[in-house]
Amino acid sequence: MTRLIARRLIELIPTLLILSVIIFLLQRLLPGDPAIALAGDDNDPELLEQIRKQYNLDQPLPIQYLSWIGGVLHGDLGNSMRLGRPVLDLILDRLPVTLQLAVMAMLFALVVGLTAGIISAIKQGTIWDYLANIVALAGISLPNFWMGIMMILFFSVMLGWLPASGYVSPAEDLQRSLLSLLMPAIVLGSGIAGVIMRHTRSAMLQALESDYVRTARAKGLFESRVVIRHAMRNALTPVITLGALEFGGLLGGAVLTEQIFNIPGFGKLIVDAVYNRDYAVVQGVVLVTAIVYVGMSLLADIGYVLANPRLRE
Amino acid sequence: MAIASTAPAVPHEGQFARFWKRLRRRKAALAGLVFIVIVILAAIFAPVIAQFDPLSQDYTAIRQPPTALHWFGTDELGRDIFARIVFGARASMLAGVISLSIALAIGVPFGLAAGYLGGWIDLSISRVVDAMLAIPFLILAIALAAFLGPSLTNSMIAIGVTAAPLFVRLTRGQVLSVKAEDYVAAARSLGNPHWRVAFRHILPNVLPALIVQATLALAAAITSEASLSFLGLGQQPPAPSWGSMLNTAQRSLSNAPWIAVWPGMMIFLTVLSFNLLGDGMRDALDPRSR
């Protein structure tokens, strides 16, 4: 097990290295002089000079990369041009908000996706199976920014049940915090709920047709026991690892959700940075999301091995 | 992937006829196809279908609900929403097709090279793909669009480049399974050069899987364009696009909700149609469902 983790960690090194080069090169996409672009609307020659020094823009590209990656490895992701604060501080400020949203969205997706998937597999070919499939496909196809706007229209504007926007920290008031993120979490989780439902359904169908389920039935066990103890336990392992993998993707989806519901998280940070041409922040957010994603894939891999006794050897 | 097992025989006319026969039996896929054709026709014949200019403002008809004159109502500048939806279909379809073409143009040759040539070429290509796939799709697309500058063209480039690694990985996997087939060894032993084996013998056999994935990727590309336009990084105002229409609609949600309903409904139905068609095509190509 330890050897497996060590091997996966070593394999990650080249991936992370290439990732850093890609993110570094993003800056090179800026048209014209990057110093002018980085300075935003301010064309003060002194500031431009300072930026050129700060980013080593007067140096050859490999030197620029080495000094940038050296900083990154020491936790220095540069400074926000607009807010004048270190990018890492800004990200760490916003990350808990997005994580809370992502965890709530994932819980929603797991509860809805697993339940719908199991029911539609057990009731294959019935109206329930048909309905669950339609809802799953709709969940996958609904653009989450539109779903968010429609939910605000119904639950906030028309019914007045839930707040249309804003965020309350759980430390301040837990109940209001959960309420403020309820709609955003449903919006963010609906697509993944659809994906999880489809995987659960096909894994359950496969398990229900397997020899061990036939044996369990032949022994005269109750159908509920066959489904829960035998089929479900085997079918759900790959689905749970899929959930871990999708968790990283939630950070991408959070960009739109946070924008619609005006939640001061990670996604809102990158969008505001894009509007203000605060490129160091954009780069920093991309880097941190990628690292979180790589970390989640590693956890998913390890979880898969842990849940599969045959792979543990 | 189930599609891999359909690969061995090069599709010819008889097989296409059989594929079409199987696809036709899937009503949901067919409904999707019909809707897509309608949207494409609307995009092409937009000037004929729309009674109003999508850009002309009418301050005497601001935020009007749907009427016999303005079928879908008017927006905050008195522009006809139906005309903007029909012209907006152009941006969505164009973005879908062009970004998908960019993704295929990059993804397929690199995937083919990685899978067929193997060795250090495969290793280097696969590592870059792994790294790119580690960045969530929308975050990378936003970052690329932000650095390239906001415009419809740049958003199409950003989406295409972001989607390319998916096609590299898919093509590579398919090539690896086809490469082991006897007919590829036979083609090689007859003295065919590598490029000929790759393009004439392997590529046609990985096409079915690629076509299915491309259909599903079109749905993703249309959503991505709408997302980028919604964030102000795609189609720039006043030109209509479904995503940017939703962005402005948010401001008048309480007094003119219809402005938000139509563009979102169009994105949803178009994306759903591509997903239904993609699913149906995958099932029709799956030998187990024959």
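Rules and cut-offs
- Residues numbered from 1 in each chain as written.
- Chains lettered and ligands numbered in written order.
- Predicted model: local features only at pLDDT ≥ 70, side-chain atom pairs only at ≥ 80, totals over all residues.
- Helix = DSSP H or I, 4+ residues; strand = E, 2+ residues; numbered from the N terminus.
- Buried ≥ 20, exposed ≤ 12 C-beta atoms within 10 Å, placed from the backbone.
- Contact = placed C-beta atoms within 7 Å.
- Axes fitted to C-alpha atoms, helices over the stretch in contact; angles between N-to-C directions.
- Parallel < 35°, antiparallel > 145°, perpendicular 65-115°, else oblique.
- Nonpolar A, V, L, I, M, F, W, Y, C, P; charged D, E, K, R; others polar.
- Expected span 1.5 Å × (residues − 1).
- Core = buried A, V, L, I, M, F, W, Y, C linked by C-beta atoms within 7 Å.
- pLDDT = per-residue confidence, 0-100.

## So, the overall build of chain A
Along its length, chain A carries 12 helices and 0 strands. For chain A, the N- to C-terminal ordering of α and β elements is α-α-α-α-α-α-α-α-α-α-α-α. The buried share of chain A, taken over its 313 residues, is 39%. For chain A, restricting intrachain contacts to residue pairs at least 6 apart in sequence, the fraction spanning at least 24 positions comes to 69%.

## A short note on the overall build of chain B
Helix and strand content of chain B: 11 helices and 0 strands. For chain B, the α and β elements follow one another from N to C terminus as α-α-α-α-α-α-α-α-α-α-α. A principal-axis box enclosing the C-alpha atoms of chain B has dimensions of 75 × 45 × 30 Å. Here chain B, with 290 residues, has 52% of them falling under the buried criterion.

## Considerations on the packing of helix H10 (residues 223-261) of chain A against helix H11 (residues 266-275) of chain A
Residue and element names in this part refer to chain A. Remark: H10 packs on H11, axes separated minimally by 7 Å, with the N-to-C direction vectors making an angle of 75°. The pairing of H10 with H11 is recorded here as roughly perpendicular in orientation. Side by side, H10 and H11 meet where Leu251, Ala254, Val255, Thr257, Glu258 and Gln259 of the first sit next to Phe266, Gly267, Lys268, Ile270 and Val271 of the second. In terms of residue class, the contact of H10 with H11 is made up of 6 nonpolar, 3 polar and 2 charged.

## Overview of the interface of chain B and chain A
Tallying the contact residues gives 36 residues for chain B and 40 residues for chain A. Secondary structure elements with two or more residues in the side of chain B that touches chain A: helix H5 (119-133), helix H6 (137-148), helix H9 (194-230) and helix H11 (258-285) of chain B. The element that contributes the greatest number of residues to the side of chain B that touches chain A is H6(B), accounting for 9 residues. Residue classes in the side of chain B that touches chain A are distributed as 27 nonpolar, 7 polar and 2 charged.

## Let's talk about the packing of helix H2 (residues 27-44) of chain B against helix H4 (residues 81-117) of chain B
If you want to describe how two helices pack, look at the angle between their axes and the distance between the axes. All names here are of chain B. Close contact between H2 and H4 brings their axes to 8 Å; oriented N to C, the two are set at 110°. Between H2 and H4, the crossing angle belongs to the class labelled roughly perpendicular. Residues Val39, Ile40, Ala42 and Ala43 of H2 touch H4, and the partners they reach there are Val86, Ala89, Arg90 and Met93. Classifying every residue of the contact of H2 with H4 gives 7 nonpolar, no polar and 1 charged.

## So, the environment of A:Ala254
Residues and elements named next belong to chain A. By secondary structure assignment, the location of alanine 254 is in helix H10. Residues alanine 254 and phenylalanine 266, spaced 12 residues apart in sequence, show a C-alpha to C-alpha distance of 7.8 Å. Those residues within four positions of alanine 254 in sequence are excluded, and the remaining contacts are Thr98, Leu101, Ala102, Leu188, Gly265, Phe266 and Gly267.

## As for unusual backbone geometry
B:Pro237 connects to B:Pro238 through a cis peptide bond whose omega is 5°. Its identity as a non-glycine residue notwithstanding, A:Asn262 has a phi of 55°, on the positive side. We note that B:Arg63 has phi near 50°; this positive angle belongs to a residue other than glycine. Structurally, B:Arg63 can be placed in the loop between helix H3 (46-49) and H4.

## Considerations on H11(B)
Because an α-helix completes one turn every 3.6 residues, residues spaced three or four positions apart along the sequence face the same direction. The first and last C-alpha atoms of H11(B) sit 40 Å apart over 28 residues, in line with the 40 Å expected at 1.5 Å per residue. Most of H11(B) sits inside the fold, with 24 of its 28 residues counted as buried.

## As for the nonpolar core
Ranked by size, the top nonpolar core spans 173 residues in total, and within it A:Ile270, A:Val282, A:Val286, B:Ala141 and B:Ile142 carry the most contacts. Among the elements that line this core, the one with the most residues is H4(B), at 19 residues. In this structure, B:Ala141 is in contact with B:Ala158, B:Ile159, B:Thr162, B:Ser224 and B:Leu228, ignoring residues within four places of it in sequence.

## Digging into the confidence of the model for chain A
Per-residue pLDDT for chain A averages 85, and the proportion of residues at 70 or more is 97%. Across chain A, the element-wise mean pLDDT spans from 72 in helix H2 (residues 34-39) of chain A up to 92 in helix H5 (residues 87-122) of chain A.

## Considering the confidence of the model for chain B
When pLDDT is averaged along chain B, the result is 87, and 94% of the positions lie at 70 or above. Confidence drops under a pLDDT of 50 for residues 1-9 of chain B, and excluding neighbours within four residues, the segment shows 24 contacts in the predicted structure.

## A closer look at the environment of A:Val286
With respect to the element layout, A:Val286 can be found in helix H12 (residues 279-307). A:Val286 sits 267 residues away from A:Leu19 along the chain, and the two C-alpha atoms are 10.0 Å apart. What A:Val286 contacts, discounting residues up to four positions off in sequence, is A:Ile23, B:Ile135, B:Ile139, B:Leu140 and B:Ala143.

## Details of helix H10 (residues 242-249) of chain B
Within H10(B), 7 of the 8 residues are buried, leaving the element largely enclosed by the surrounding structure. The complete set of buried residues in H10(B) reads B:Trp242, B:Gly243, B:Ser244, B:Met245, B:Leu246, B:Asn247 and B:Ala249. Lining the buried residues of H10(B) we find helix H7 (144-158) of chain A together with H4, H9 and H11 of chain B.

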